[in-house]
Amino acid sequence: MTITRFYGLVALVTFAAPLCALQQPVKTRSGLVSGVPGKDPAILAFKGIPFAAPPVGDLRWRAPGPVAAWEGVRRADQFGASCAQIISPRRLGTESITKPGVIQNTAPQTDEFAAHNDASEDCLYLNVWTSAKSASEKRPVFLYIYGGGFDHGSGDVPIYDGEGLAKKGLVVVTLNYRVGVIGFFVHPELSKESGHNASGNYGLLDQIAGLKWIQDNIAAFGGDPNRVTIAGQSAGGMSVHDLIASPLARGLFHRAIVESGGSTVGRAGITINAPALADAEAAGQHFAEAKGAKSIAELRAMSWQKLTEPVAGAAGGGRAGMADGGRGSSGTRSPIVDGYVLPAAPNEVVAQGKQNDVPILTGMNLGELGGITESQAAVTLESFRNQARQRYGDDADKFLALYPVSNDQEAAAAQAQASRDQSLVSLYLWAKMRSKTAKTEAFEYLWDHTLPGPDAARFGAFHTSEVPYVLNTLYASPRPFTDVDRKIAGMMSSYWANFAANGNPNGKGLPLWPAYSGKAEIMELGDKTGPVPAADSAAKLAFFEAVLTRP
């Protein structure tokens, strides 16, 4: 054991590392850190490492600054606080898991999908899991960015545990980034003081700061800074699109994974567009007035709790996510096109060929597409036909001819199939659009497996249900998993690990996953694994392609 000095306090630190694990302490550019063994003692976890200065006080609504160096050894054994948000196990409409192995809920996401620690503005910390035995191994690095509608989420969510993929040879990193009004507030006074005539997007700047930390430090944990994969789900997936589009992230990553993050084009019901700076600034001024503040100084003097209280007429954000809901354009909750971090909406940047061109793996879940949802029970023959006329106008008769129905039961089935067809055609068209400017490969998927638990048949392959499978973290949930679930998790996490290592998900023992090559097909994953048509007939494909690409 060694006596060390940390922040002026004497601390007793031991370095009893597991046999053959990475030698501790690990040297980062800001100081020494020591980790703790994971559930598997061959894996070391380093939790709560600061990657930027605390964005508090006058640093609120500023780009993340450098970390202050520390003396001695920092014991990295606990997650840092979640970024300012209301922490609640019922946030997503759930009820808590009250006993081990028992789930009581009214919505699909339960406690394993939620943050559990305290919230603070002092939150810019990251976590590293590694099974490397030396700093010279140069293992592929996997950075996971959480979802949560850009107004909640945390690196401490149980199913984001990095040990599952660390077992597959990756060095796994999760980080916290600012969310909500603290992470994405836009105001003309902030734009003026920034030096870039831009404001908002502080959460994206946090993610970029985390990527810079990886470039500077991950080799010490056995990682390869030249093989960094960014991955995220929902708002985290949208963040990946933003980083692909951002010139500030150029060269900081080498592959990208987007799960349910809007890899679509046209009128598919989901977008990855972002409001413009001027519109968001006007909304930000309205927000400040509603809070009774006449200046940014007055807003900075308020507690984050007061800032996050609901304000009438200002409860919007930037983009519409799949299950994150529509978010208007207040500029207080999500990324915007600011001309600095984001020069244009991500799809526009790709169409212009100005993106960070890296291999991408992207897709969506069956339960998000109307295939299995509570709303299907409410579909009637009349509502199906009325919705078709509202949505497709002069093309409604063509649509109804493709999906003929004569009763309520047939209408519900047709709506489910049409929702699936339209969404998958939009996903295919996104890859087609990208292929015009990208030189790297794209792999697209549809996740179809139902997560076991209460009302499994009701929720199906719901939004976020793929995460414990791709991250190999079934152990973080008390759900009644079977050998089938464990087999699927092994397959999915191997695809993700292979992609992080090589930019291609394929590997020994896995069903072949073809890259996009111009065919209108998607790789179905889960219960059924293999390529499937984007639509179930050529006529339906032609219909949706015409609708989705119409100006």
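Cut-offs and rules
Residues numbered from 1 in each chain as written. Predicted model: local features only at pLDDT ≥ 70, side-chain atom pairs only at ≥ 80, totals over all residues. Heavy atoms only, no water. Pairing = 2+ DSSP bridges. Helix = DSSP H or I, 4+ residues; strand = E, 2+ residues; numbered from the N terminus. Salt bridge = Lys/Arg side-chain N within 4 Å of Asp/Glu carboxyl O. Buried < 20%, exposed > 50% of the residue type's maximum accessible area, 1.4 Å probe, protein only. Phe/Tyr/Trp six-rings, centres within 6.5 Å; stacked < 30°, edge-to-face > 60°. Lys NZ or Arg CZ within 6 Å of the ring centre and 35° of its normal.

> How should I be thinking about the sheet that holds strand β4 (residues 32-34) in this particular structure?
Two orientations exist for strands paired in a sheet by backbone hydrogen bonds: parallel and antiparallel. Read from one edge of the open sheet, 3 strands run β3-β4-β7, paired in mixed fashion. In this open sheet, the two edge strands, each paired with only one partner strand, are β3 (26-27) and β7 (73-75). When β4 meets β7, the two strands line up parallel, connected through 3 bridges. Residue pairing for β7: Ser-34 is matched across the bridge by Arg-75.

> Before we go on, may I ask you to explain the pattern of salt bridges in this structure?
A side chain of one charge can pair with a side chain of the opposite charge when the charged atoms of the two come close. Enumeration over the complete set of coordinates arrives at 19 salt bridges. Close ionic contact of Arg-486 with Asp-483 constitutes a salt bridge, the shortest N to O distance being 3.0 Å. Of the two residues, Arg-486 and Asp-483 both sit in helix α15 (residues 483-502), 3 residues apart, roughly one turn of that helix. Lys-540 serves as the salt-bridge partner of Asp-536, at 2.9 Å between the closest nitrogen and oxygen.

> Is there a simple way to think about the sheet that holds strand β16 (residues 442-447) in this case?
Strand order in this open sheet of 11 strands is β5-β6-β10-β12-β11-β13-β14-β15-β16-β17-β18, and the pairing throughout is mixed. Two strands lie at the open edges of the sheet, namely β5 (36-37) and β18 (530-533), each paired on one side alone. Across 4 bridges, strand β11 (residues 139-145) lies against strand β12 (residues 171-175) in parallel orientation. Among the inter-strand pairings, Tyr-144 is bridged to a residue of β12, identified as Thr-174.

> Explanation requested: unusual backbone geometry in the structure shown.
It is generally the case that most residues other than glycine have a negative phi and that most peptide bonds are trans. Gln-24 connects to Pro-25 through a cis peptide bond whose omega is -5°. Structurally, Pro-25 can be placed in the loop between β2 (9-13) and β3. One non-glycine residue, Ser-260, lies in the positive phi region at around 50°. Relative to the elements of secondary structure, Ser-260 occurs in the loop between β14 (255-259) and α6 (277-290). You can call Ser-260 buried: its relative accessible area is 0%. In this model, Thr-464 sits at a positive phi of 90°, which is unusual for a non-glycine residue. Looking at where Thr-464 falls in the secondary structure, it is placed in the loop between α13 (456-459) and α14 (467-470). The exposure class of Thr-464 is buried, given its relative accessible area of 7%.

> Before we go on, may I ask you to explain the packing of aromatic side chains in this structure?
Think of a pair of aromatic rings as described by two things: how far the centres are apart, and how the planes are tilted against each other in angle. Evaluation of the coordinates by the stated rule reveals 28 aromatic pairs. Ring centres of Phe-443 and Trp-513 lie 6.2 Å apart, and the angle between their planes is 85°; on these two criteria the pair is classed as edge-to-face. Residue Phe-443 is located in strand β16, and its partner Trp-513 is located in the loop between α15 and β17 (521-525); the two are separated by 70 residues in the primary sequence. With a relative accessible area of 1%, Phe-443 lands in the buried category. Ring geometry for Trp-496 versus Trp-513: centroids 6.3 Å apart, planes at 45°, classification tilted. Of this pair, Trp-496 sits in helix α15 while Trp-513 sits in the loop between α15 and β17, and the two are 17 residues apart along the sequence. Three or more aromatic residues joined by ring pairs form one cluster here, namely Phe-384, Tyr-392, Phe-399, Tyr-403, Phe-543 and Phe-544. The ring of Trp-70 carries the charged tip of Arg-74 above its face, separated from the ring centre by 5.5 Å.

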